[in-house]
Amino acid sequence: MGGFAKLCFAALALGLSGAVAAVERIGDAESGAELWTQCKGCHQIGPDATNRIGPHLNGIFGRQAAAIDGFSYSKSMQRAGNDGLTWTLQTLDAYIHNPKALVSGTRMSFRGLKDDQQRADLLAFLRDFSDNPANIPEAAPTAIRDLPDLSDEILAIRGDPDYGEYLSSECTTCHQRDGSDQGIPSITLWPEEDFVLAMHAYKEKLRPHPVMQMMAGRLSNDEIAALAAYFGALSDEE
Amino acid sequence: MKLNRRRFIGTASAATLAAPTVWGAGHGMPKVVVIGGGAGGATAARYLAKDSDGAIDVSLVEPSRSYYTCFFSNLYIGGFREIGSIAHSYGTLAADYGVNVVHDWAVGIDRDAKTVTLAGGAVLPYDRLILSPGIDFVDGAVPGWDISAQNKMPHAYKAGSQTELLKAQIEAMPEGGTFAMIAPPNPYRCPPGPYERVSMVAHLLKQINPTAKIIVADPKEKFSKQALFQEGWGKHYDGMIDWIGPDFGGGTVEVNPDEMTVSIDGEVTNVDVCNVIPAMKAGRICEIAGITDGNWAPVSGHTMQSRMDENIHVLGDATNQGDMPKSGFSANSQAKVAAMAVRGALTGAKVFPAKFTNTCWSLIDTDDGVKVGASYQATDEKIAKVDGFISQTGEDAALRKATFEESVGWYAGITADMFG
């Protein structure tokens, strides 16, 4: 892990995300250019870039999600944009780390880049194609933060489905158990880990929706695991 | 089998006692009677039946066969919903969940004998009683108006025929006519409701009668989502809506349903439609049960049990519980806590700490939705607000549209959660 990233993560771990002012580089843009080969099958970047399978990535920093006219985004990405998801160093880092944890129904079929340094490098590369990225890389809004930095312990919690069933009654006022997806996304039969990551992303306000930030904000790790276990295993009988 | 045994016992006691059929609770399966089939009562009945897997005998007493939700009834007035789309039956609760749905009025409660008497004469015993009767109006709250004037000056604050009547009257207004609303004092059902209604009336009039005027006489200094509504009224219905707060006499009103006049601070105005929304109190059955203090029924937030009788739980608009607004969402949320507490008490099921949520969406104009919401927890004193949010003024059109679409999704979600 390079100096910048290490510094950022250390600062965040201590809850001192404002303390990154002295940082000079996001990562190594040259290494990032090599990693870009994984992206360029679908995305273009640079002077002649156009939308292909994915949207072009010029000027991505500071742009609202799903904001390029004429590109057909997934419903899920449009919803995230409407909810106020803006691409910053922090949100892009989370997205590249695990696209579906940030935007559940994204069409970007990319498993995610798990290596912290590689993401920092790739972001450094992308940043070179954003004309005037606000506050990069000095200030807090663009500081790298890992997608909810979940320890293996948290991910290993096995939820109590009985408790999950009780807690789920708070969810089903809006999210229908049968998986209907009209105005409000379905949460039925999500893989447990995706569910856990998504709830923690709301809890840490990485995902933008205010109702979900509020709902997830008061769920404990055990409660999130319980809900994940319950919704992950929900059958049609309910 | 169950029915046969009951019928046998029933016949025997009727013969010996020559009195209404009563068999003491405590025999066999525990009995829960739920009065009121709205967001609180229907949800409680469904969760009790669903989660107890047949271990609790659940009866739901509700006079209407078709239940019209108050939430989204304003959207019918605005032309965004058909009336049939906000009507729901109890068929699934009865057929799929085994709830004994009784279409009758509850007219008496004997707390010592633990029985409910229905208008039709039947007597239902209970181990636990859940009251979710909604609201009634305070007599004499608006001088000149009482419930007998509701056809001339509809309240439309219990959805259904009143809502249809109000809309028909608005559609029949003369060109350039006047619609008046007498808004209620706090606390009342659905805090943003009157103002969403004003928005929907304006939306309708803008299309069919654009020179018509809307007057709102309001006894409150402030109202729910005020900045959002007033921004929206200026944007969509400029000059059409005149909101008269208490500083300008909005709290000093008198109506005359025969003359169709409204007097605001002594100034008499002829109106074409007058929507009177009087001050409210808990549904009358709460008074009959003797569990009210003032206009409302005080409850514990941990279990929604009445502060006056631990065998009675009260839900929704009728309660005095603390910080939650009187809304369908709140009642639905409270119902789940009550159902859990009742199952815990009657069958020993696991009980978890009470949590509550509410969100109220309102529609201002086409694709212009806003929301306010909060989460709550139970303290010994009350249901206390934990955290909340509200839509902001100046939000872009895409977010407002998404908020409206979310409300449509919520409607489908909560009605499925209530009625199965």
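Refer to the structure above for everything that follows.
Read on for a plain summary of the structure. (Residues numbered from 1 in each chain as written. Chains lettered and ligands numbered in written order. Predicted model: local features only at pLDDT ≥ 70, side-chain atom pairs only at ≥ 80, totals over all residues. Heavy atoms only, no water.)

### A few points about the layout of surface pockets
- A volume near 960 Å³ is recorded for the second largest pocket.
- Contributing to the lining of the second largest pocket are 43 residues, with R79(A), D83(A), G183(A), I184(A) and P185(A) lying nearest its centre.
- Listed by contribution, the elements that provide at least two residues to the lining of the second largest pocket are helix 3 (75–83), helix 8 (161–171), helix 9 (192–203) and helix 10 (210–217) of chain A together with strand 22 (355–365) and helix 10 (397–419) of chain B.
- For the lining of the second largest pocket, the leading source of residues is helix 3 of chain A, giving 7 residues. (1 Å grid on protein atoms, 1.4 Å probe; cavity = no way out; pocket = protein on both sides within 12 Å on 5 of 7 lines; lining within 4 Å. Points joined across faces, edges and corners; volume = space filled by probe spheres on them. Helix = DSSP H or I, 4+ residues; strand = E, 2+ residues; numbered from the N terminus.)

### Structural notes on the packing of aromatic side chains
- Summed over the entire model, instances satisfying the criterion amount to 24 aromatic pairs over all chains.
- For the pair W87(A) and Y95(A), a centre-to-centre distance of 5.0 Å together with 50° between the ring planes defines the contact as tilted. Y95(A) carries the same exposure label as W87(A), and that label is buried.
- Of note, R81(B) hangs over the ring of Y411(B), and the distance from its end group to the ring centre comes to 4.8 Å.
- When the ring centre of Y76(B) is taken as reference, the NZ or CZ atom of K167(B) above it lies at 4.5 Å. (Phe/Tyr/Trp six-rings, centres within 6.5 Å; stacked < 30°, edge-to-face > 60°. Buried < 20%, exposed > 50% of the residue type's maximum accessible area, 1.4 Å probe, protein only. Lys NZ or Arg CZ within 6 Å of the ring centre and 35° of its normal.)

### Digging into the nonpolar core
- Ranked by size, the top nonpolar core spans 156 residues in total, and within it I35(B), V116(B), L131(B), I170(B), I214(B), C274(B) and W410(B) carry the most contacts.
- Among the elements that make up this core, the one with the highest residue count is helix 9 (residues 328–347) of chain B (8 residues).
- Here I35(B) is in contact with V61(B), A106(B), I109(B), V116(B), L129(B), I130(B), L131(B), S132(B), P133(B) and I285(B), once residues within four sequence places are set aside.
- The next biggest cluster of nonpolar side chains, apart from the first, holds 31 residues, and it includes A80(A), L89(A), L102(A) and F125(A). (Core = buried A, V, L, I, M, F, W, Y, C linked by side-chain atoms within 4.5 Å. Contact = heavy atoms within 4.5 Å.)

### Brief notes about the sheet that holds strand 9 (residues 128–131) of chain B
Residue and element names in this part refer to chain B.
- Read across the open sheet, the 5 strands follow the order 5-2-1-9-20; overall the sheet is parallel. On the outer flanks of this sheet lie strand 5 (100–102) and strand 20 (312–314), each paired with one strand and no other. Along the sheet, successive strands turn relative to each other by an average axial angle of 20°, direction set aside.
- Note: strand 9 against strand 20, 3 bridges, orientation parallel. Its bridge partner lying in strand 20, L129 is registered against I312.
- Across the sheet, helix 2 (residues 41–52) touches strand 1 (31–35), strand 2 (57–61) and strand 9, and the angle it forms with strand 2 is around 165°. (Pairing = 2+ DSSP bridges. Axes fitted to C-alpha atoms, helices over the stretch in contact; angles between N-to-C directions.)

### Things to note about unusual backbone geometry
Residue and element names in this part refer to chain B.
- Here N186 and P187 are connected by a cis peptide whose omega angle stands at -10°.
- You can see P187 is positioned in the loop between strand 11 (178–182) and helix 6 (193–208).
- Even without a glycine there, the phi angle at M304 is positive, about 65°.
- One non-glycine residue, D367, lies in positive phi territory at about 55°.
- Within the secondary structure layout, D367 lies in the loop between strand 22 and strand 23 (368–378).
- On the basis of relative accessibility, which here comes to 29%, the residue D367 falls in the partly exposed class.

### Some details on the sheet that holds strand 15 (residues 261–264) of chain B
Residue and element names in this part refer to chain B.
- Within the open sheet, the 3 strands sit side by side as 14-15-16. Their pairing is antiparallel. Every interior strand has two partners, whereas the edge strands, strand 14 (253–256) and strand 16 (267–270), have only one. For this sheet, the mean inter-axis angle between neighbouring strands, taken without regard to orientation, is 20°.
- Here strand 15 pairs with strand 16 via 4 bridges, running antiparallel. Each bridged residue has a counterpart across the sheet, and for I264 the counterpart in strand 16 is E267.

### Digging into the interface of chain A and chain B
- Contact residues are listed per partner, giving 28 residues for chain A and 40 residues for chain B.
- Taking both sides of the interface into account, the surface hidden between chain A and chain B amounts to around 2,600 Å²; carbon and sulfur atoms contribute 56%.
- Connecting chain A to chain B are 4 salt bridges.
- The partner of K350(B) in a salt bridge is D162(A), with the nearest N and O atoms 3.8 Å apart.
- The tally of links from chain A across to chain B stands at 14 residue pairs in polar contact (both at pLDDT 80 or more).
- Elements with a minimum of two residues in the side of chain A that touches chain B: helix 3, helix 8 and helix 10 of chain A.
- It is helix 8 of chain A that provides the largest number of residues to the side of chain A that touches chain B, a total of 7 residues.
- Broken down by class, the residue content of the side of chain A that touches chain B amounts to 10 nonpolar, 9 polar and 9 charged. (Buried area = accessible area lost by both parts, 1.4 Å probe. Salt bridge = Lys/Arg side-chain N within 4 Å of Asp/Glu carboxyl O. Polar contact = N/O pair within 3.5 Å; in protein donor to acceptor, adjacent residues only side chain to side chain. Nonpolar A, V, L, I, M, F, W, Y, C, P; charged D, E, K, R; others polar.)

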